[in-house]
Structure formats: structure tokens, C-alpha cells
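Letter by letter, the chains look like this.
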Amino acid sequence: MFKSKVRFVLAGLLSLSLLTLAGCGSNNAPAPSDPAPTEKVLRVGSDIAYAPFEFMDEKQQPTGFDMELIQALGEDMGYKVNIETAAFDGLIPALQAGKYDAVISAMTITEDRAKSVQFSDKYFLSGQYIAMKKGANIKSLDDLKGKKIGVQLNTTGQYVVEDKGMETNKYDTTPDAMNALISGGVDAVVADSPVVLWFQAQNPNAQIESINADSGAEYYGIAMKLGNTELADKMNASLKKLMDSGKYNEIYKKWFKEDAPKF
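Residues numbered from 1 in each chain as written. Predicted model: local features only at pLDDT ≥ 70, side-chain atom pairs only at ≥ 80, totals over all residues. Heavy atoms only, no water.

1. Details of the side chain of Thr 174
Mapped onto the elements of the fold, Thr 174 is located in helix 6 (residues 174-183). A distance of 2.8 Å separates a polar atom in the side chain of Thr 174 from a polar atom in the side chain of Gln 152. In this structure, Thr 174 is in contact with Tyr 50, Gln 152, Ala 191 and Val 195, ignoring residues within four places of it in sequence. (Helix = DSSP H or I, 4+ residues; strand = E, 2+ residues; numbered from the N terminus. Polar contact = N/O pair within 3.5 Å; in protein donor to acceptor, adjacent residues only side chain to side chain. Contact = heavy atoms within 4.5 Å.)

Below you can see the structure in the form of C-alpha cells.
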């Protein structure tokens, strides 16, 4: 009986010791660390075959005016920018489906497009040019009647020509249309002036000349999902900041060798 009591007391002391040790151990346990902050990512779609706005460099990385601009905007807004390339005519459907948060791809702001997407404030002034082989004697859009005219699918170049009642040969990219001009597949190409002029400069032996199509001023905008006013407000605030600070003009001058126009 005495031994049983002793065993009982010893067992109690042992249990108490274990509890004390457990308590001490819990006091020395490291405090749970705060979760790492989630990185904000801006998913951007672009047709990266439209120099000097978006194209792949020698390392197959996106470069160009639009690419530098969206990176600067993302940095100002606190986003990491992820850029994905896709065919131009598929960019708006992909944006509407939620694949992208924004699209920057030398996209002209039009009433029709504005029914489908939320545009940022305008960020670039452009217009249409007519490219032709030297000696073609084309002076205006009206001179294209009866000729084979190359355009990029679903661009304002296509719309300008077809609004004149003329048929078009449609290509996936403007460089494709310009190469068709060089090979004789088309008689002329109608496309955004900076892209035509860039192609001419990069292909000095191609015997290409160009003229202003006089179809009116066009302004590019960054497209976002219709109704996404929160992102649009942030984008516009950052765009204004870059313009006011001179950063926008710095990027513009790098790619176009002159100061940005006022608009």
C-alpha cells in the first residue's frame, strides 16, 4: 500500500514536470512570421509584331515604344508587368474574356472599339500612310481604286480603305503586308504612319516610298475591360504623371528621334 502511494506521488511529480517542460518549450517557440506580401501583376496583351511600338529584340524579349511605356506605367502603379503576344484581332476578345487586364498594341481609339473596351486617355498621335513602290505615281487614297491594297486585319488602315468602297488584301501583320508590297503581291499598303516609316528605314534597298493618306488624326489608347474604371483611373493618373515629369517624352524621343507632340 505504501509503495502504491509512493508510485502515485512520483507519477504525479513526473506529470507535473512534463507539463512544466512543455510550457517552457512553448515559450521558446518562434512566433509565426507574417505572410509575404502578394505581388501585384498586370497582365498585358499585345501583338508584338508592330515595330517601333512592339517587337522582339535579338534576345526575343518584347521591346519598343509601347513596351517601355507600359513598363513605366506599371512601375508607377506598383505592378509587375507580364506581357503576352497574340494576334491583333484576338486581343479585344481575350481582354473581354479576362485573359488580360490591359492591352497596349498601337490601338486606335474608335467609337466602335469603345463600345467593347474601356480606353485610357490618349497616349499617341498617329495617322495613315500609303506605302508603294517608287514610281507608282499614287497621290491619294482615291488613286488606289482598282489596285491591290494590302492592310493588316482589323486595323484602321483596313477601315479607311474599305470606307472608300475599295477591297483589301488582309494580312495578319503590317510587316507581312509590306513584304507583299516588296514582292509584288500588292500595289500599295495602307497602315499607321510610324510603322510604315520604320519599315522603310529598316529596308532602305526595298525601293519603297510613302505619302500621307490624309485620312485624319488618330489617337492610341490602352484598352481595359469595359467598366474597369478603377484600373482606368490608375492608368490615367500614371500616364499624366509620366507626361508631366518628362518620362513620356524621354521614351518618345528614344524611339522617334524628336519630342512628343502636344495633344
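2. Describing the sheet that holds strand 1 (residues 41-46)
Across the sheet, which stays open at both edges, the five strands sit in the order 4-1-5-14-6 with mixed pairing between neighbours. The open sheet has two edge strands with one neighbour each: strand 4 (80-85) and strand 6 (117-119). Sheet analysis places strand 1 next to strand 5 (residues 102-103), joined by two bridges and oriented parallel. The partner of Val 44 across the bridge, within strand 5, is Ala 102. Relative to the sheet, helix 2 (residues 65-77) contacts strand 1 and strand 4, its axis offset from that of strand 4 by approximately 150 degrees. (Pairing = 2+ DSSP bridges. Axes fitted to C-alpha atoms, helices over the stretch in contact; angles between N-to-C directions.)

3. Description of the pattern of salt bridges
Going through the model one piece at a time under the given rule, you end up with 10 salt bridges. Asp 142 serves as the salt-bridge partner of Lys 164, at 3.3 Å between the closest nitrogen and oxygen. Here Asp 142 lies in the loop between strand 8 (128-133) and strand 9 (149-152) and Lys 164 lies in the loop between helix 5 (156-163) and strand 10 (169-171), a separation of 22 residues in the sequence. Overall, the relative accessible area of 40% leaves Lys 164 in the partly exposed class. Take Asp 142: its relative accessible area is 39%, and that puts it in the partly exposed class. Of the charged contacts, one joins Lys 240 and Asp 244 as a salt bridge, the two residues approaching to 2.7 Å between their closest N and O atoms. (Salt bridge = Lys/Arg side-chain N within 4 Å of Asp/Glu carboxyl O. Buried < 20%, exposed > 50% of the residue type's maximum accessible area, 1.4 Å probe, protein only.)

4. As for the pairing of strand 8
Note that strand 8 and strand 11 (residues 188-192) share five bridges and pair antiparallel. Bridged to Gln 128 within strand 11 is Asp 192. Here strand 8 runs beside strand 12 (residues 208-212); their pairing, made up of five bridges, is antiparallel. When the sheet's bridge partners are listed, Ala 131 is paired in strand 12 with Ser 210.

5. A short note on the sheet that holds strand 10
One open sheet accounts for five strands, arranged 10-9-11-8-12; its pairing is mixed. The open sheet is flanked by strand 10 and strand 12, the only strands paired with a single partner. Direction aside, the axes of adjacent strands within the sheet are offset by 30 degrees on average.

6. Quick look at helix 6
Of all the residues in helix 6, the buried ones are Thr 174, Ala 177, Met 178, Ala 180 and Leu 181. With its buried residues spanning 155 degrees around the axis, helix 6 presents them on a single face. The secondary structure elements touched by the buried residues of helix 6 are strand 8, strand 9, strand 10, strand 11, helix 7 (193-202) and strand 12. Looking at the residues trailing helix 6, positive phi occurs at Gly 184, about 95 degrees. (Arc of directions from axis to C-beta.)

7. A short note on unusual backbone geometry
With omega at 10 degrees, the peptide bond leading from Ala 51 into Pro 52 counts as cis. Structurally, Pro 52 is set in the loop between strand 1 and strand 2 (55-56). With phi around 60 degrees, Asn 154 is a residue other than glycine that occupies positive phi space. Structurally, Asn 154 is set in the loop between strand 9 and helix 5. On the accessibility criterion, Asn 154 (28% relative accessible area) is partly exposed. Despite not being glycine, Gln 207 has its phi angle at roughly 60 degrees, a positive value. Position of Gln 207 among the secondary structure elements: in the loop between helix 7 and strand 12.

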